[in-house]
Amino acid sequence: MERTVYVNGKYLPESQASVSVFDRGFLFADAVYEVTAVLDGKLIDQAGHLARLKRSATELGMVLPCSEQELIQIHHQLIEKNQLVEGGIYLQLTRGNEGDRDFSFSDGIKPTLVLFTQARNLIENDTAQQGIKVISVEDIRWRRRDIKTTCLLPACLAKHIAHQAGADDVWMLENGVVTEGGSSNAYIVDQLGRVITRPLSQDILHGITRASLLQMAQDLDITIIERPFTLQEAYAAQEAFISSATAFVWPVIAIDEHRIGGGQPGPVARKLREIYIEIARSRAI
Ligand code: PMP
């Protein structure tokens, strides 16, 4: 069945949905995006995703073409039109197009807004049960990783290298210190059961799942330490895991040739996944 896709105010069959070849999102990756998980036909952590979208757009001098309320309505319309029960909604906002290719742009050009649904099993998910293997790669991304842009070529290439090496994903490194996962925030658990994750800065994306998860962990009296950690520390960790909007929490059971936690998902990651799903689900809209 063809999906219904949203493009600039219209709901269209996916085969008829298109944007201009001169769109700056296509030509320059001059675009920001969000992915929001859907459970039981409802949006997870929606307020956080909209706040970050607004921030990303503002940082690049783009404006949202409609109000937050309208954006939520579009999400809900797509869920209904596509009968989406579980999966995600991808939203991309580009600076728009001025009818030609030119590095410079005018202020106030009309942005392009596209949204589509992706049906996926997020809860009953083999990867979540078994955990993932990651390899470390150099982080070659630009210096404003806090802005959620579609400049994702470094992540695409890194993930491709991981898949070729028989791994599931990457952890990215800068000067021997882990920045984040290929499309996730990265965490380790030390011998005392404390969760360690890199603090927010321009070096990493400010994960919406991360923000909720850290709050929930604190409520559970799990100690969180926000500090950079090295690859060597990660090799020796009791547990490792990642968070993202559609993974929620996935255990990491191997980093390079090192098995973590005996190569099995650990109790802290498992607990945090359970808690996140339970609480985020109860707050879904
Ligand atoms: N870091 C990077 C580089 C990502 O691509 C993502 C997922 N988009 C995340 C972290 C996790 O962010 P969120 O929890 O908001 O999905």
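Structural data are supplied above this passage.
Below you will find a few notes about this structure. (Residues numbered from 1 in each chain as written. Predicted model: local features only at pLDDT ≥ 70, side-chain atom pairs only at ≥ 80, totals over all residues. Heavy atoms only, no water.)

1. Brief notes about the site of the ligand
With respect to spatial proximity, 16 residues lie near the ligand, and among them Arg52, Lys148, Glu180, Ile208 and Thr209 are the closest. Between the ligand and Arg52 there is a distance of 2.8 Å, counted from an oxygen atom to a side-chain nitrogen or oxygen. Within the backbone of Ala245, one N or O atom sits 2.8 Å away from an oxygen atom of the ligand. Relative to its unbound accessible surface of 390 Å², the ligand loses 92% to contact with the protein. Elements represented by at least two residues in the shell around the ligand include exactly helix H2 (46-59), helix H6 (208-219) and strand E13 (239-244). Residue composition of the shell around the ligand, grouped by class: 4 nonpolar, 8 polar and 4 charged. (Near = heavy atom within 4 Å. Polar contact = N/O pair within 3.5 Å; in protein donor to acceptor, adjacent residues only side chain to side chain. Areas by Shrake-Rupley, 256 points an atom, 1.4 Å probe, with all protein chains shown as cover. Helix = DSSP H or I, 4+ residues; strand = E, 2+ residues; numbered from the N terminus. Nonpolar A, V, L, I, M, F, W, Y, C, P; charged D, E, K, R; others polar.)

2. Points about the environment of Gly181
With respect to the helices and strands, the residue Gly181 is situated in strand E9 (residues 177-181). C-alpha of Gly181 to C-alpha of Ala236: the two residues are 55 residues apart in sequence and 18 Å apart in space. Every residue in contact with Gly181, bar those within four places of it in the chain, is listed here: Val170, Trp171, Met172 and Ala186. (Contact = heavy atoms within 4.5 Å.)

3. A look at the nonpolar core
By size, the foremost hydrophobic cluster in this structure holds 25 residues, and its most contacted members are Ile44, Val195, Leu213, Phe241, Phe248, Leu272 and Tyr276. Taken together, the elements giving at least two residues each to this core come down to strand E3 (31-39), strand E10 (185-189), H6, strand E14 (248-255) and helix H8 (267-283). Looking at which domains feed residues into this core, each of domain 1 (4-119) and domain 2 (126-283) supplies at least three. (Core = buried A, V, L, I, M, F, W, Y, C linked by side-chain atoms within 4.5 Å. Buried < 20%, exposed > 50% of the residue type's maximum accessible area, 1.4 Å probe, protein only. Domains from an automatic or database assignment.)

Interpretation in functional terms is not warranted from these geometric data alone.
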